[in-house]
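Observations on the model geometry
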Amino acid sequence: MEYRKLGSTGLKVSAIGLGAEGLERHNAQEVKAVVDRAHELGVNILDCWMSEPNVRSNLGAAIAGHRGDWIIQGHIGSTWQNGQYVRTRDMDKVAPAFEDLLKRLGTDYIDLGMIHFIDDPEEFTRLQDSDYIRYVKDLKAKGTIRHIGISTHNPFVGQLAAKCGYIEVILFSVNPAFDMLPGSKEIDTLFKAESYVEGLGGIAPERAELYRLCEENGVAITVMKGYAGGRLFDPAQSPFGVALTPVQCLHYCLTRPGVASVMVGCDTP
């Protein structure tokens, strides 16, 4: 396994990380088998954005006994309400959900406390003077989170985060298809054929600028959607008209400036 500096955090992370979203559909034994295999192969970073209680508990059981070997990206503002995921800034929901994450993972700290899912630059600006951001910063001051991060699909939000001075890690969607499209495109429509009429001239400048800012400011990027949910492996769905391989996608992500690790979803050991 290759290990990389995680920006200016002082941490070193495996170039391949574990994106745990897909583990929601697996039982405790299956989750443990995947986590154990990842650990055996040198993976040391995992992302848990999910609010569903069982997967949190299953991950906690899987890392029990070697919590210190894992760098955990845990999200603040991802909540479970009435049996479903809800993104919120309502502190009556945010704080209990984060405390639930700690309890179910069996830990008293999260390495990377992630401001969960901001894709609107106006929302990012508005939240800077909010109880939500004050809560995040207070968690860091107490040591409950060691570093502050953010998750976004929008390069303009990423640029604001990279320049704000207190965010150290950005969980950002990177793959060869996304990088060639304007950051204003909705992520769910990126693979529509008409989106590519003007988009195939090279990397979108706002994405290139985000990578430059991150490298310049010592802000690390951890990657989500490196395979575009597997669509890049299917020639019928790939916007390039041919299937890419996992290695091609990983190589692309890991050669972007600022990228420390790619969070890869795994169903089986």
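Now for a quick tour of the structure. (Residues numbered from 1 in each chain as written. Predicted model: local features only at pLDDT ≥ 70, side-chain atom pairs only at ≥ 80, totals over all residues. Heavy atoms only, no water.)

1. With respect to the nonpolar core
What counts here: The term nonpolar core refers to a set of buried residues drawn from Ala, Val, Leu, Ile, Met, Phe, Trp, Tyr and Cys, joined through side-chain atoms within 4.5 Å. Remark: exposure states derive from per-residue accessible area (1.4 Å probe, protein chains only) relative to the maximum for the residue type, with buried under 20%, exposed over 50%, and partly exposed in between. Strands here mean DSSP runs of E at least two residues long; helices mean DSSP runs of H or I at least four residues long; both are numbered from the N terminus. Contacts are residue-level and defined by heavy atoms, with any inter-residue pair within 4.5 Å sufficient.
One finds Leu59, Ile76, Phe98, Ile115, Ile150, Ile167 and Ile170 to be the most contacted residues of the largest nonpolar core, which totals 66 residues. Take this core: its biggest share by element is 6 residues, from helix H3 (residues 91–105). Contacts of Ile167, omitting those with residues within four sequence positions, involve Ile115, Phe124, Ile148, Gly149, Ile150, Ala161 and Val219. The next biggest cluster of nonpolar side chains, apart from the first, holds 12 residues, and it includes Ile45, Ile71, Met114 and Leu171.

2. Overview of the sheet that holds strand S11 (residues 220–224)
Strand pairing in a sheet is mediated by backbone hydrogen bonds. Such pairs are either parallel or antiparallel. For clarity, the threshold we go by: Strand pairing is defined by DSSP finding a minimum of two bridges between the two strands. Between N-to-C directions, angles span 0 to 180 degrees; the directions come from axes that are lines fitted to C-alpha atoms, helices contributing only their stretch in contact.
On the basis of which strands lie adjacent, the closed barrel formed by 8 strands has the order S3-S4-S5-S8-S9-S10-S11-S12 and parallel pairing. Averaged over all pairs of adjacent strands, the angle between strand axes in this sheet comes to 30°, irrespective of strand direction.

3. A short note on the side chain of Asn175
Definition in use: The definition of a polar contact used here is a pair of N or O atoms within 3.5 Å, where within protein one atom must be able to donate a hydrogen and the other to accept one, and adjacent residues in sequence count solely through side-chain atom pairs.
Mapped onto the fold, Asn175 is located in the loop between strand S10 (169–173) and helix H7 (205–217). Using a relative accessible area of 0% as the deciding quantity, one classes Asn175 as buried. For Asn175, the side chain forms a polar contact with the main-chain oxygen of Lys225, separated by 2.9 Å. Sequence-distant contacts of Asn175, defined by excluding residues within four places in its chain, comprise Lys225, Gly226, Ala228, Leu232 and Tyr252.

4. Comments concerning the environment of Ile118
Residue position: Ile118 is located in the loop between strand S8 (110–115) and helix H4 (121–127). Here the alpha-carbon distance between Ile118 and Pro239, two residues 121 residues apart in the chain, equals 26 Å.

5. Some details on the packing of aromatic side chains
Formally: Pairing of aromatic rings covers Phe, Tyr and the six-membered ring of Trp, with a centre-to-centre limit of 6.5 Å; geometry is then stacked below 30 degrees between planes, edge-to-face above 60, and tilted otherwise. Think of it as a cone above the ring: NZ of Lys or CZ of Arg counts as a charge over the ring if it is within 6 Å of the ring centre and within 35 degrees of the ring normal.
Enumeration over the complete set of coordinates arrives at 3 aromatic pairs. Each ring, one from Trp49 and one from Tyr85, has its centre 5.1 Å from the other, and the planes form 80°; the classification is edge-to-face. Taken together, the residues Trp49 in the loop between strand S4 (45–48) and helix H2 (53–63) and Tyr85 in strand S7 (residues 84–87) connect sequence positions 36 residues apart. Ring geometry for Tyr227 against Phe233: centres 4.7 Å apart, planes inclined by 55°, an arrangement best described as tilted. Judged by its relative accessible area of 30%, Phe233 falls in the partly exposed class. Over the aromatic face of Tyr109 sits the side chain of Arg67, whose NZ or CZ is 4.1 Å from the ring centroid. One Lys or Arg, Arg89, reaches over the ring of Tyr132 and ends 4.8 Å from the middle of that ring.

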